[in-house]
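For reference, the chains in residue letters:
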Amino acid sequence: MKKGLTRRNMLKTSTAAIGAVAGAGLLKGFPAIHAADAPVIRYLGTAVNMGDAVQKKLFDDTGIKVKFIVKTTDEVVKTIFTQPNSFDIVDSEYFSMPKLVPSGNLLGMDTKRIKEWDNVTSAFTKGEVAGKKIGDQGTAPKKVMYLKGAKSKEFASEPTQYVTLIPTVYNADTLGIRPDLIKRPISSWAELLNPEFKGKASILNIPSIGIMDAAMVVEAMGEYKYPDKGNMTKEEIDLTMKIFIEAKKSGQFRAFWSDFNESVNLMASGEVVIQSMWSPAITAVRTKGIPCVYQPLKEGYRAWAAGFGLPSTTKGRQADICYEFINWYLSGWVGAYLNRQGYYSAVIPTAKKYMEAYEWDYWMMGKPATADIMSPEGKKLASKGEVRDGGSYESRMGAVACWNATMDENKYMVRKWNEMIAS
Amino acid sequence: MKFLKLKPSVGLLSIPYSLIFVFFFFIPLALTFIISFWDYNEYSIIPDFIFENYSYIFKDCFNFQKDMCVTFKTYLSTFIFCFITWFFTLIIGFFVAYFLAFYVNSVTWQIALFLLCTIPFWTSNVIRMISWIPLLGRNGLVNDFLLSTGIIDAPQEWLLYSGFSIVLAFVHLYTLFMIVPIFNSMMRIDKSIIEAAYDNGANGLQILWNVIIPLCKPGIVIGSIFVITVVMGDFITIGIMGGQQIPSIGKIIYVEMSYLQLPAAAANAVILLALTLLIIWIMTKMIDIRKEL
């Protein structure tokens, strides 16, 4: 929650950012890690999936301390550009890579230093789940995974030793619904614009992600088939926005949301019965005792993926500590922690070791729960007998249709999106 | 020439403030202005001198065959919110201040009631806004009450995520900004002036109109400047209370900044600043605050 962001604050932050751009060449941040001291890692990221438990476990296992620098997805990207020395490790999304890599602010990550590299899920490395190709429209991780060298600013089309990010977590997103208020099965993205839900639908007001959900809807309605939803032409953007502007003018949407908590409020209060949603928001609605389903849809999911990167100035002991942290992260305990929140760990076999068999069956295999399913914080998420929305890992990740994306026509898209909000 | 003798120390005393002013106000503002003429790409801003950022804002704005452009639409809606909010905060603020200043005689009570006005500010702005949702929502208290009394037979949707809820939140949030300066002006009014008006046979309304309001003008203008500048740049209230469906310049700037289109955001900020300053300039033309203070 940003509180009290006024125009004055806006001006301040904007100019601070500009100042940082101007001074980036001159100011070298002080390294946070001092030899011999207990190492501290400044971790830049949204940290939505990180709790105190992770910090504690990390310190117990490795003696490394983490200091979180929590920002929103877009702000994380901005920080990498404008203050590349303000963090030691960054947790970023793959769809930012087409923007970030050419700036040269991130280091190519050496896969030889990652113990579990060979166990990283094929969804990242090959774009496959269980040997089958999955949708790769948009900025699929495999497209922006490999670099031509450690200091390269170009992507390699074939696997190399150096990668942009070491994958950590990913998921398949879909629409969230209130089954108790809709009272009938929902099976298509097209339902978002169904007049039946007039005044009770919502979509997120983050252009780069909202446009993907919009494209899924337009395609599901049979209005247009995109060659690549994740990289639209100007005409395709116009067409998509036209359909949404008409829907907005006719009062289809109750509200738009841009903050995770807003989506929870909209759904929990019943203002909205169908909307774009993220999996932790579904969990948050459910823990209030309100029924909410992360509805699998026949057109498939919109997926996202995140990983760890290091600033290009990292070297020596600082690099050693960061790699040690990443290796610990992928060694299973965190993987299980992520899986229990409904995300997926990038290294599945290690995560399995830290999960109970009944948890594994529920979260990964799509089997009915044989005991109550608890969140990592100990809140009840599902009762005995319930099945995870969308089922198993293979049926969810296998049905990915597209990935969060950065388009070539990004600037135009943002402008058209603003036009829709103003219409 | 007493003044001249004092000058060195006066100059010295003003250094700290001048430095703060230069570093945290003038330089950032100048940078914003300069960068609004720069070029940019996906990941960096490029020193240049182009008008593209400005022409982009006004693209299609002067083609009157088409619908109104985004920029004009957004400013129009912002101006309307500004005016309505200003009107209600002024009316409510004036009478609250009037009550505090003239009907509450003990200073203790004045302070106590004044503190009461600030209670809404003890919680965060965002929480105050979100609290409207259970009240005004489809299943909220207001709709429940109206339904149960039979005044309406279906939930009223315009109560929330509408222009109405935005104005309601603005008035709730910013009336205090009117109360404080108007109250301050009223406290400076010499009571004997009012007594003199009475003695000359003026009635209550005449005193209010011919004596109190003219003497409160500086407070009214200062309060109005507060309210108008805050509403002009707001995007959090419009976002939350309007369900993100109603545009605001602040939101456009925010989105541009998140996509690192800093020069475009700077250009928008410069225009917003210019317009806001213009409004304030007009208001100060109407009344010379410096003289009145």
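Computed from a prediction, not measured in an experiment: that's the story for all the values here.

> Can you walk me through the nonpolar core in this structure?
Across soluble globular proteins, you tend to see nonpolar side chains buried next to one another. Ranked by internal contacts, the top residues of the largest apolar core, which has 182 residues, are Ile89, Tyr170 and Ile326 of chain A. Per-element accounting of this core gives the leading share, 12 residues, to helix 8 (residues 163–188) of chain B. If sequence neighbours within four positions are ignored, Tyr170 of chain A has contacts with Ala123, Ala303, Trp304, Ala305, Ala306, Tyr344 and Ala346 of chain A.

> Quick question: what am I supposed to make of the packing of helix 16 (residues 410–422) of chain A against helix 3 (residues 70–103) of chain B here?
Orientation of helix 16 of chain A relative to helix 3 of chain B, taken along the N-to-C sense of each, is 40°, at an axis distance of 10 Å. Taken together, the axis directions place helix 16 of chain A and helix 3 of chain B in an arrangement best described as oblique. Where helix 16 of chain A crosses over helix 3 of chain B, the two elements pack in a sense that is left-handed. Across the interface between the two elements, Asn418, Glu419 and Ala422 of chain A from helix 16 of chain A touch Val70, Lys73 and Thr74 of chain B from helix 3 of chain B. Split into classes, the residues belonging to the contact of helix 16 of chain A with helix 3 of chain B amount to 2 nonpolar, 2 polar and 2 charged.

> Honestly, the environment of Leu273 of chain B in this entry has me stumped. Any pointers?
Positionally, Leu273 of chain B belongs in helix 13 (residues 262–286). The spacing of Leu273 of chain B and Asp199 of chain B is 74 residues in sequence and 48 Å in space, taken between C-alpha atoms.

> Mind showing me how you'd approach the confidence of the model for chain B here?
The predicted structure's coordinates, where accompanied by low pLDDT, should not be read in detail. Residue and element names in this part refer to chain B. Overall, the prediction assigns chain B a mean pLDDT of 88, with 96% of residues at 70 or greater. Here helix 14 (residues 289–292) is the element of chain B with the lowest mean pLDDT, 67, and helix 3 is the one with the highest, 93. Interface predicted TM-score (ipTM) for the complex: 0.74; the corresponding pTM is 0.79.

> Please clarify how the environment of Lys367 of chain A should be interpreted in this entry.
Residue and element names in this part refer to chain A. Tracing the sequence through the fold places Lys367 in the loop between helix 14 (357–363) and strand 16 (373–374). The class for Lys367 is partly exposed, based on 15 C-beta atoms found within 10 Å. Through-space distance from the C-alpha of Lys367 to that of Gly391 is 7.3 Å; in sequence the pair is 24 residues apart. Those residues in contact with Lys367 that lie beyond four places of it in its chain are Asp361 and Tyr362.

> Would you explain unusual backbone geometry in this entry?
Where the residue is not glycine, phi is negative for most of them; where a peptide bond is considered, it is trans in most cases. Residues and elements named next belong to chain B. Even without being a glycine, Tyr161 presents a positive backbone phi close to 55°. You can see Tyr161 is positioned in the loop between helix 7 (141–148) and helix 8. For Tyr161, a count of 28 C-beta atoms within 10 Å puts it in the buried group. The backbone of Gln244 sits at a positive phi, close to 60°, despite the residue not being glycine. If you trace the backbone, Gln244 turns up in the loop between helix 11 (236–241) and helix 12 (249–258).

Reading guide: rules and limits
Residues numbered from 1 in each chain as written. Chains lettered and ligands numbered in written order. Predicted model: local features only at pLDDT ≥ 70, side-chain atom pairs only at ≥ 80, totals over all residues. Core = buried A, V, L, I, M, F, W, Y, C linked by C-beta atoms within 7 Å. Buried ≥ 20, exposed ≤ 12 C-beta atoms within 10 Å, placed from the backbone. Helix = DSSP H or I, 4+ residues; strand = E, 2+ residues; numbered from the N terminus. Contact = placed C-beta atoms within 7 Å. Axes fitted to C-alpha atoms, helices over the stretch in contact; angles between N-to-C directions. Parallel < 35°, antiparallel > 145°, perpendicular 65-115°, else oblique. Left-handed = near helix turned anticlockwise from the far one by under 90°. Nonpolar A, V, L, I, M, F, W, Y, C, P; charged D, E, K, R; others polar. pLDDT = per-residue confidence, 0-100.

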